[in-house]
Every structure is written in C-alpha cells, then in structure tokens.
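Residues per chain are reported as follows:
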Amino acid sequence: MSRVRSVRSGAESRPLPPEKAWNYALTLLTRRAHTEAELTEKLTRRRASPEVVAEVLGRLRRYRLVDDEAFAEAFVRTHAQRKGTLALRRELLRKGVPEEVAEESLVELDDAAQSATAAKLLERNAWRFRGSDPRRNRARAFAFLARRGFPSTVVMEALEGCEWLTSGGDDDAEGDDGGDDDAGGDDRGDDDSSDDDAEGDDDAGGG
C-alpha cells in the first residue's frame, strides 16, 4: 500500500509533459472558453513549466482557440442584460482579461443602453419593490441595481423612468429586503470553477 502511495506521489510531483499539457488545455476549452490568464493558472497548477505553458498558449493562438478580445466581447454580450458595466469590468479583470481589452469590450454599453437594461431589470423584479412605502421601494431598487454593477448615474436615470416605484402598494413584506441579495450568486455562476481540477483531468493526455 505504501509503495502505491509512493508511486502516485512521484507521478504527481513530476512536471506536466508538453503533450499532456496541450491535451489538458484542450479539455478545459471543450468545457468553456478561457482567457490566457486562466489557462496559464490552471496549467501551472498542474505543474507545467513556464516554457511548456508558453508553448501551449502559442499553439492555441495559432489555431485561434484562445483569444482574450473574443472572450471579452462574448462575455459582455452574454451578461449585459443582467449586469452593469462596473460588474462586467470587474469580472473580466478577475478572469485575467487585460484592462485595455476589458475597456474596449464595454465601449458600446453607454449610459442610455445601460439605463434601458436597468429599467427592464426593475420591471422584471417589480414584486420586490411593491411595498407601501415609496421611499423604501426606491431605496430597495437603487440597492438592487447597484449590487448588479450599474453606475450611480445609470441607476438614477433608470429610477426616474419608473414612476410606478413611487405609487406604493399594500405588500410591505420584510422578506423583500434580503430577496435581492442574489447578485453575488450571479458572479459565482459565471465562474464555472467546477472545471478546474477534477481528478480525471490528469489523464487528458492519455498514457
């Protein structure tokens, strides 16, 4: 038994060979798109040397299998209907997208477009803001949008266009205050971290 553990330990301590690193990167990319920084981190975690990582990334670029600009554009396109530019930028940087690339991918999301998106989000979640106190409804709506990464100027513009917020209602349930705190869940859902290091991935390279 100790011999088996010793063999496994020795295998785990060896650097990841180039071909296994290549196959591991391909395995990751079949699950979802990755940035270069994400791939670098995951390959390094699997003990691929800097030289091997550079070689794998070079091959991926040649085959157009990794592209931070395309990643950023697709990410914004997918998430812009439920998140503001502040959250989108934060997520892109966290995933390793260079700052200038992240900024470029957000250029088309001007205040008018973001305000329209924010207003639609409020309408879809109107039940959260139907309490009897209009001021409290407005505060809830402001917090709801702010937590989703919309700039304050955009939030104010969206609120001004939602006259129904000031009409009040007859349902002032205390549970509403915490019900919109799921913005953090959105961020975790984008991470797809479950693909990181499943035990089976070490065999991506075959024998």
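Residues numbered from 1 in each chain as written. Predicted model: local features only at pLDDT ≥ 70, side-chain atom pairs only at ≥ 80, totals over all residues. Heavy atoms only, no water.

Caption draft 1: Geometry of the pattern of salt bridges. For the coordinates displayed, the defined rule picks out nine salt bridges. As a salt-bridge pair, Glu-38 and Arg-32 come within 3.1 Å of each other at their nearest N and O atoms. Relative accessible area serves as the criterion here: at 8%, Glu-38 is assigned to the buried category. What makes Arg-32 buried here is its relative accessible area of 11%. Notably, a salt bridge pairs Arg-89 with Glu-103, separated by 2.5 Å at the nearest N-O pair. Residue Arg-89 is found in helix 6 (residues 85-94), and its partner Glu-103 is found in helix 7 (residues 99-105); the two are separated by 14 residues along the sequence. By relative accessible area, which is 26% here, Arg-89 ends up partly exposed. (Salt bridge = Lys/Arg side-chain N within 4 Å of Asp/Glu carboxyl O. Buried < 20%, exposed > 50% of the residue type's maximum accessible area, 1.4 Å probe, protein only. Helix = DSSP H or I, 4+ residues; strand = E, 2+ residues; numbered from the N terminus.)

Caption draft 2: Seen up close, the nonpolar core. In terms of nonpolar packing, the biggest core is built from 16 residues, with Ala-21, Leu-39, Leu-43, Ala-48, Val-56 and Leu-60 touching the most fellow members. For this core, the secondary structure elements donating two or more residues are helix 2 (18-31), helix 3 (36-45) and helix 4 (50-62). Here this core takes six residues from helix 2, the largest share from any one element. Those residues within four positions of Ala-48 in sequence are excluded, and the remaining contacts are Leu-16, Ala-21, Leu-43 and Val-53. (Core = buried A, V, L, I, M, F, W, Y, C linked by side-chain atoms within 4.5 Å. Contact = heavy atoms within 4.5 Å.)

Caption draft 3: Unusual backbone geometry, seen in detail. A positive phi is found at Arg-47, a non-glycine position, where the angle reads about 70°. Mapped onto the elements, Arg-47 comes out in the loop between helix 3 and helix 4. Backbone geometry at Arg-64 places phi at a positive 55°, although glycine is not the residue there. Assignment of secondary structure puts Arg-64 in the loop between helix 4 and helix 5 (68-79). Its relative accessible area of 77% is what places Arg-64 among the exposed residues.

Caption draft 4: Quick look at a negative patch on the surface. Together, Asp-67, Glu-69, Glu-73, Glu-100, Glu-104 and Glu-108 make up a region of like negative charge exposed at the surface. At the level of secondary structure, the elements contributing two or more residues to the negative patch comprise helix 5 and helix 7. In this structure, Glu-108 sits in the loop between helix 7 and helix 8 (111-124). The exposure class of Glu-108 is exposed, given its relative accessible area of 72%. (Patch = residues over 30% accessible without salt bridge, like charges linked within 9 Å, V, L, I, M, F, W, Y side chains within 5 Å. Areas by Shrake-Rupley, 256 points an atom, 1.4 Å probe, with all protein chains shown as cover. Lys, Arg positive; Asp, Glu negative; His and termini not counted. Charge placed at Lys NZ, Arg CZ, Asp CG, Glu CD.)

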